[in-house]
Amino acid sequence: MENIYASTLTKYLNNNGIFLVDDLAKNTDYSLETIKKHIEVLAEFHKRMIGYTAYNYGVLANSTGKLMERYKINNKKLKRQIRLCESNKDKSSFETLLIDKGPEILIRAEHAINEAYRFGYLEAINRSMKRGEVCLGNSSQSNIRMENNILIRDISDCGSNILELDAVYLLRKVKKNFALDFNLLANYFCEMENIAESSKDLILALVSYPHYFMKCFNRYREGRKTWDEEKFTNRLMEALKNDGNILI
Amino acid sequence: MANYNDLKRNIEENYNIEVLDIIKVKSSYRVETKNKNYCLKVIKYNFSHFLFIIGAIKHLVNKQCEGIINIIPTVTGRDYIRVDVYYAYLTDWLNTRECNYDNPLDTYLAVNALSKLHAKSYGFELNSNMKPRIGWFKWIENYRTRSDEIVNFGQRIIEKDTKTAFDSMYLEAMEEELLRAEASIENLICSEYILKMEEEIQLKGFCHHDYAHHNVLIGENQKVFVIDFDYCILDSHLHDLSSLLIRVMKNGKWELRTTKDLLNIYNNTSNLQEKDTAIMAAFMEFPQAYWQLGIQYYWERQPWEEEIYIKRLEKILEDRQEKQEFIEDFRLFKV
């Protein structure tokens, strides 16, 4: 069954001028104009893919709602962990940092979720379901490019979802290292996609979620990395920096 | 299962269609013809239980319950064919996708469809050929039996010469889970469960009893279809509703707000009563997932890697405190 689906998807992609490639040369240009051009490529990809799932249910993953649910779970786990750390008599350096920064991060995380709902999260899902939108998942410049055709390196995170998330993934990554006008970029994305203006704020709310902090915190909580306390502490400090400013 | 050519001939003769291909999809077969596709669903139960299942489906169709797929009769007007030692029925194959319980809008559609299904299930008359599963009044006894089964898993572990990592983890959690089981039984007894069942049995309704996301399909224009009635049971609708709440909120998503939203939607068609939440809380409190994993490991010996069993157990244990806190709040919740 999987082979049938795979060939159908590849055929569909190719018929629509989208080709999977083994590698793409790294693009290190993060200027505003380059990111705007990249947003145009994403918009073109979304346009060519829209409605695909309507006739091919089950071929791509259905990722709608997963990110938001993950964010809500993160918030609960962090709240619980802060309480737990506070009750510990001997606190490690990581725990001390978590108690110090955690409450502030939690407020930020809850604010991001509330704002996402306020700026049309459910409406975006409704639109996405009706139109059969497809989100690439990995929307970075190193994964998708336009060279006559659309070239994509990795399509494994591609699935049914609100297409705003491709903007979130892209801008979150850019924001880590570059201070661009994200308001303008989110707005440009909505223009290119021809979606409601409220989606600009939905994107900015989700980009403001403390993604890197939560990622590091989860690694600590789940024991997925065999880092010592000092390394975890340093990584959490780094994550705080990577999450940058709140955009909304 | 029947060989390909026998099955093809069987379908062609009984339904007067020219079959191009038959493809197994999960527990069903997609029967492809020139003009359209069909779904052949084989049910691996005895005939009288099979008759109960298709009786329940036909009852819903006759009551024009939205999203229930009609059974296609054979050329002689029967609702089924025999496939080896089992029986099977044919429906249209629908171009749909599975419901996604992470998507709040999908979940709203699912709970709305469940509410309609329950309302339409009322008035189901059994005939003497049908042998149904019955759940009314039985959950206190069922939970006691399941608690004893958990104790049995513990004895098996203790008797083992060499314990696996899963054995040790399962045993370590057992005391707390048995206490939880006991509390859920006690809470069910203290609720108005018996009174509720006395009311419900008069309504003659039934439960789907396997309302998993893959049994709720969403098609064009968000039309919802409910499939796979294999576990259908004569029981309170509260059982399905509790099970749906668990499926939506398990693994860290326990929230009264979500519950309130879902129960409000459910109430658009059905009529939940104040006494219902205590009954549902008791249903949800029983450590069903822990018991089920024990059954799969110690009795059924499902051929999964040890690592998979451990991961499943870790997930259950990680979730239990948060779930319990939710249950305590939900018990007092007013619908």
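See above for the structure.
We now turn to the structure provided with this report. Here the structure is a predicted model, which is why all the values come from computation and not from measurement.

## Things to note about a nonpolar patch on the surface
Residues and elements named next belong to chain B. A cluster of nonpolar side chains, contributed by Phe137, Ile194 and Ile201, occupies part of the molecular surface with about 210 Å² of accessible area. Tracing the backbone through its elements, the reader meets Phe137 in the loop between α3 (104-121) and α4 (139-159). When its relative accessible area of 31% is taken as the criterion, Phe137 is described as partly exposed.

## A short note on a positive patch on the surface
Residue and element names in this part refer to chain A. Together, Lys26, Arg153, Lys173, Lys176, Lys215, Lys225, Lys231 and Arg235 line one region of the surface with positive charge. For the positive patch, the secondary structure elements donating two or more residues are α7 (164-177) and α11 (229-243). Turning to its location among the elements, Lys173 is positioned in helix α7.

## Observations concerning the pattern of salt bridges
Residues and elements named next belong to chain B. Taken as a whole and assessed by the stated rule, the structure comprises 41 salt bridges over all chains. Salt-bridge contacts for Lys41 lead to Asp228; the nearest nitrogen and oxygen are separated by 3.7 Å. You can see Lys41 sitting in strand β3 (residues 37-43) and its partner Asp228 sitting in the loop between β8 (224-226) and α7 (237-249), a full 187 residues away along the chain. Comparing Lys41 with Asp228, the two get one shared label, buried. A salt bridge links Glu177 to Arg320, with the nearest nitrogen and oxygen atoms 2.6 Å apart. Of this pair, Glu177 sits in helix α5 (residues 165-190) while Arg320 sits in helix α11 (residues 306-331), and the two are 143 residues apart along the sequence.

## So, the side chain of Ser160 of chain A
Summarising the element assignment, Ser160 of chain A is placed in strand β6 (residues 159-160). Beyond its immediate stretch of four places on either side in the chain, Ser160 of chain A contacts Thr53, Ala61, Asn62, Ser63, Thr64 and Glu133 of chain A.

## Some remarks on unusual backbone geometry
All names here are of chain B. With a phi angle near 55 degrees, Asn16 is a residue other than glycine that sits in the positive phi range. Tracing the backbone shows Asn16 in the loop between α1 (4-15) and β1 (19-25). Located in the positive-phi region is Asp228, a residue other than glycine, with phi close to 60 degrees.

## Here we look at the sheet that holds β8 of chain B
All names here are of chain B. The 3 strands are arranged β6-β7-β8 in an open sheet whose pairing can be described as antiparallel. On the outer flanks of this sheet lie β6 (97-98) and β8, each paired with one strand and no other. The strands that α3 touches are β6, β7 (216-218) and β8; relative to β8, the one it contacts most, it runs at about 55 degrees.

## Digging into the nonpolar core
Phe166, Tyr170, Leu188, Tyr211, Phe229 and Phe330 of chain B are the most contacted members of the largest nonpolar core, which totals 83 residues. If you look at the next biggest cluster of nonpolar residues, it comprises 74 residues, including Met129, Val168, Phe189 and Tyr220 of chain A.

## What about helix α2 (residues 47-62) of chain B?
Residues and elements named next belong to chain B. Taking 1.5 Å as the rise per residue, α2 with 16 residues should run 22 Å; its terminal C-alpha atoms sit 22 Å apart, in good agreement. Among the residues of α2, His49, Phe50, Leu51, Phe52, Ile53, Ile54, Gly55, Ala56, Ile57, His59 and Leu60 are the ones counted as buried. In this structure, the buried residues of α2 make contact with β3, β5 (86-92) and α3. Just downstream of α2, Gln64 is the residue with a positive phi angle, here 55 degrees.

## Focus: the interface of chain A and chain B
On the chain B side, the residues contacting the 21 residues of chain A number 27 residues. Across the chain A/chain B interface, buried area totals approximately 2100 Å², and carbon plus sulfur atoms make up 49% of it. Between Arg221 of chain A and Glu318 of chain B there is a salt bridge whose closest N-O contact spans 2.7 Å. Inspection of the region where chain A meets chain B yields 8 residue pairs in polar contact (both at pLDDT 80 or more). For the side of chain A that touches chain B, the secondary structure elements donating two or more residues are α3 (52-55), α4 (66-87) and α6 (121-131) of chain A. When residues of the side of chain A that touches chain B are assigned to their parent elements, the largest contribution, 7 residues, is made by α4 of chain A. Classifying every residue of the side of chain A that touches chain B gives 8 nonpolar, 5 polar and 8 charged.

## Description of the sheet that holds strand β1 (residues 18-20) of chain A
All names here are of chain A. Spatial ordering of the open sheet is given by β1-β5-β4, a layout of 3 strands whose pairing is mixed. Each edge of the open sheet carries a strand with a single partner, namely β1 and β4 (144-147). Neighbouring strand axes in the sheet, compared pairwise and without regard to direction, differ in orientation by 30 degrees on average. Pairing geometry for β1 and strand β5 (residues 149-152), over 3 bridges, is parallel.

## Here we look at the pairing of strand β2 (residues 28-33) of chain B
It is a general feature of regular strands that their side chains alternate between the two faces of the sheet. All names here are of chain B. Most of β2 is tucked away, with 6 of its 6 residues classed as buried. Of the two faces of β2, the one lined by Ser28, Arg30 and Glu32 and the one lined by Tyr29, Val31 and Thr33 are each fully buried. Here β1 hands over to β2 after 2 residues, with Lys26 in that stretch at a positive phi of 55 degrees. In the sheet, β2 pairs with β3 via 5 bridges, with the strands oriented antiparallel. Across the sheet, Ser28 pairs through a bridge with Lys41, a residue of β3. Hairpin connection from β2 to β3: 3 residues lie between these consecutive antiparallel strands.

## With respect to the packing of α4 of chain A against α11 of chain B
Viewed as axis vectors pointing N to C, α4 of chain A and α11 of chain B meet at an angle of 90 degrees, and their least axial separation amounts to 13 Å. The angle between the axes of α4 of chain A and α11 of chain B places the two elements in the roughly perpendicular class. Residues Lys76, Lys77 and Arg80 of chain A of α4 of chain A form the contact with α11 of chain B, whose own contacting residues are Glu318, Gln321, Glu322 and Glu325 of chain B. The class makeup of the residues in the contact of α4 of chain A with α11 of chain B is no nonpolar, 1 polar and 6 charged.

## Description of the state of the cysteines
Residue and element names in this part refer to chain B. A full pass over the atoms with the stated rule returns 0 disulfides over all chains. Not engaged in a disulfide, the cysteine Cys39 finds its nearest cysteine sulfur in Cys232; these two sulfurs lie 17 Å apart. Residue classification places Cys39 among the buried residues on the basis of a relative accessible area of 14%.

## Observations regarding the side chain of Ser28 of chain B
Residue and element names in this part refer to chain B. By the element assignment, Ser28 lies in strand β2. The class of Ser28 is buried, set by a relative accessible area of 12%. When near neighbours in sequence (up to four residues on either side) are disregarded, Ser28 contacts Ile23, Cys39, Leu40 and Lys41.

## Re the environment of Val168 of chain A
All names here are of chain A. Residue position: Val168 is located in helix α7. For the pair Val168 and Val207, spaced 39 residues apart in sequence, the C-alpha separation works out to 5.5 Å. Apart from residues lying up to four places away in sequence, Val168 is in contact with Ile203, Leu206 and Val207.

Criteria and cut-off values
- Residues numbered from 1 in each chain as written.
- Chains lettered and ligands numbered in written order.
- Predicted model: local features only at pLDDT ≥ 70, side-chain atom pairs only at ≥ 80, totals over all residues.
- Heavy atoms only, no water.
- Patch = residues over 30% accessible without salt bridge, like charges linked within 9 Å, V, L, I, M, F, W, Y side chains within 5 Å.
- Areas by Shrake-Rupley, 256 points an atom, 1.4 Å probe, with all protein chains shown as cover.
- Salt bridge = Lys/Arg side-chain N within 4 Å of Asp/Glu carboxyl O.
- Helix = DSSP H or I, 4+ residues; strand = E, 2+ residues; numbered from the N terminus.
- Buried < 20%, exposed > 50% of the residue type's maximum accessible area, 1.4 Å probe, protein only.
- Lys, Arg positive; Asp, Glu negative; His and termini not counted.
- Charge placed at Lys NZ, Arg CZ, Asp CG, Glu CD.
- Contact = heavy atoms within 4.5 Å.
- Pairing = 2+ DSSP bridges.
- Axes fitted to C-alpha atoms, helices over the stretch in contact; angles between N-to-C directions.
- Core = buried A, V, L, I, M, F, W, Y, C linked by side-chain atoms within 4.5 Å.
- Expected span 1.5 Å × (residues − 1).
- Buried area = accessible area lost by both parts, 1.4 Å probe.
- Polar contact = N/O pair within 3.5 Å; in protein donor to acceptor, adjacent residues only side chain to side chain.
- Nonpolar A, V, L, I, M, F, W, Y, C, P; charged D, E, K, R; others polar.
- Parallel < 35°, antiparallel > 145°, perpendicular 65-115°, else oblique.
- Disulfide = S-S within 2.5 Å.

All we've got here are geometric facts, nothing functional implied.
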